Amino acid sequence: MSRRVVVLGGGAGGLAAANRLAQHGAALEVVLVDRSADHVFAPGFVAVMFGEAEPEAFRRPLRDLLDPAVRLVTGEATQLDVAGRRVRGSFGDLEYDDLVLALGAEVGWPLGPPPSGDLAPWTLDGALAGASALTRLGPRDRVVVGPTGVGYRCPPAVFDLAVRIRRVTGARVDVVHPWPAPLAPFGPGPSAAATRLLADAGVGFHGGFEVSEVDAGVLVSASGDELPYDAAFVVPPHRPPSLVADSPLAGPGGWPVVRFPSFGVDGAEGVSVIGDLASASLKVGMAGTLAVHEAAFVADRIAAVAGGPPAREHPVMSAICFLDTGETASFLQCDFTGPASGAGPAACTLMPWLPYFRAAKRLFAEEWFATTVRGGVD
Ligand SMILES: Cc1cc2nc3c(=O)[nH]c(=O)nc-3n(C[C@H](O)[C@H](O)[C@H](O)COP(=O)(O)OP(=O)(O)OC[C@H]3O[C@@H](n4cnc5c(N)ncnc54)[C@H](O)[C@@H]3O)c2cc1C
């Protein structure tokens, strides 16, 4: 009898894991569950906001991206029974031998959007509202850009966003951030380059700024600092999915405590956690490029137990986040083995600014659907 692997979540990590598992052959029955029938490439929201692409360019039916051997279940998972090795949901009960949790993070304003609206391209709604806000902004306006916390998707993306908003509107733009300096956790080289980027574009930076309230016309920090604005492009809070936060897997802040390098969770036999859902525990960035490497590693380990070839001992913990000012581009590449293993900081490089990296970013989106989530990335 074949071993059943249930993959929860058809984002970057889940899709790559399911495809990789299916490539190992008939010893595994692979089921992928997602509430949506489509897979969305979230980095594309920025292009939508700047009017370079329609949302449809970054959406594909999951079925078209999945190996034909994977069974696709479209429905909401509502309960994890880790003792009974079962997932409950709108689709009924699904039993598993192995469970890969790739549910990402819940991104949004739990109490409703701030008075100025959700304008940040971390959601499609934010990107569309942001696009409309850009048409109203001009040189007399004050714009603030920043996250509500340090754990958010593709951390470098707020800096090029700020530069780009300044370039297209001429507005006064300030970045607020909990970090003391731009890209501070990624090392002195990337931090110095990002600091220069903002300075050259005339964008201000307010470090140590933990957003506590987004009031109408004023951003308030936890220490009481106030920054007036006409438009606020604030990255919404990223929270653990309620399915996990309300389950026995919930650790600090509701995020699961994930072991490295197994990606397992103590007391939850057969469960692996990858992607954005694992990032808080592993102290690594939220990046789809990292999620697909973690997916390959976890899939190979599951397949090895079912008679497949031995898996490698350590995962590739590499992530790439693109930055695009609209005129030139770069990307931050990090190896997160250090923080994940507790051995030290991430080893990161910010590539030089070169206009042809804008083309590389477009290729990144195309290859996402063609190869990256297909399970072939090691
Ligand atoms: C502006 C922006 C720029 C970015 N740029 C980059 C970049 O340059 N490089 C990079 O690597 N990454 C980038 N990212 C980050 C990247 O998109 C995410 O890190 C990646 O999507 C995370 O993958 P994941 O598989 O962990 O989760 P997700 O892709 O979020 O997938 C989670 C899936 O789980 C499903 N799900 C959740 N709960 C349930 C439930 N209860 N029942 C059923 N289904 C459920 C969801 O529908 C979703 O499909 C960017 C993101 C943004 C917003």
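The rules behind these values
Residues numbered from 1 in each chain as written. Predicted model: local features only at pLDDT ≥ 70, side-chain atom pairs only at ≥ 80, totals over all residues. Heavy atoms only, no water. Helix = DSSP H or I, 4+ residues; strand = E, 2+ residues; numbered from the N terminus. Rg over C-alpha atoms; globule rule 2.2 N^0.38 Å. Buried < 20%, exposed > 50% of the residue type's maximum accessible area, 1.4 Å probe, protein only. Contact = heavy atoms within 4.5 Å. Areas by Shrake-Rupley, 256 points an atom, 1.4 Å probe, with all protein chains shown as cover. Lys, Arg positive; Asp, Glu negative; His and termini not counted. Charge placed at Lys NZ, Arg CZ, Asp CG, Glu CD. Patch = residues over 30% accessible without salt bridge, like charges linked within 9 Å, V, L, I, M, F, W, Y side chains within 5 Å. Salt bridge = Lys/Arg side-chain N within 4 Å of Asp/Glu carboxyl O. Pairing = 2+ DSSP bridges. Domains from an automatic or database assignment. Buried area = accessible area lost by both parts, 1.4 Å probe.

- An unreviewed UniProt entry lists the protein under the name FAD/NAD(P)-binding oxidoreductase, from Blastococcus jejuensis.

**Overview of the overall build of the protein**
(1) Moving on: When its secondary structure is counted, the protein shows eleven helices and 23 strands.
(2) Moving on: For 378 residues, the compact-globule estimate of 2.2 N^0.38 gives 21 Å, and the C-alpha radius of gyration of the protein, at 21 Å, lies within 12% of that figure.
(3) Moving on: Along the longest, intermediate and shortest principal axes, the C-alpha atoms of the protein span 70 × 40 × 40 Å.
(4) Moving on: Burial status across the protein gives 53% buried among its 378 residues.
(5) Moving on: Considering only contacts within the protein whose residues lie at least 6 apart along the sequence, 66% involve residues at least 24 apart.
(6) Moving on: Per element, the accessible surface of the protein, about 15400 Å² overall, is 53% carbon and sulfur.
(7) Moving on: When the 29 positive and 40 negative side-chain charges of the protein are each reduced to one mean point, those points stand 2 Å apart.

**Description of a negative patch on the surface**
(1) Moving on: A cluster of acidic side chains, namely Glu213, Asp215, Asp225 and Glu226, defines a negative patch on the protein surface.
(2) Moving on: The residue glutamate 226 is located in strand E16 (residues 226–228) in this model.
(3) Moving on: You can call glutamate 226 exposed: its relative accessible area is 58%.

**Section: the pairing of strand E8 (residues 92–95)**
(1) Moving on: Bridge analysis of strand E7 (residues 86–89) against E8 gives four bridges, and the strand direction is antiparallel. Among the inter-strand pairings, valine 87 is bridged to a residue of E8, identified as leucine 94.
(2) Moving on: Turn length for the E7-E8 hairpin, with the two strands adjacent in sequence and antiparallel, is two residues.

**Considerations on the domain arrangement of the protein**
(1) Moving on: For the protein, the assigned domains read domain 1 (3–105 + 240–313) and domain 2 (109–237).
(2) Moving on: One C-alpha centre belongs to domain 1, the other to domain 2; they are set 30 Å apart.
(3) Moving on: In this assembly, twelve residues from domain 1 lie in contact with 20 residues from domain 2.
(4) Moving on: Of the roughly 1300 Å² buried between domain 1 and domain 2, counting both surfaces, carbon and sulfur atoms make up 72%.
(5) Moving on: Among the residues domain 1 hides against domain 2, the three largest losses belong to Phe45, Met49 and Phe50. Together they make up 51% of the total.
(6) Moving on: At the junction of domain 1 and domain 2, the tally comes to two salt bridges.

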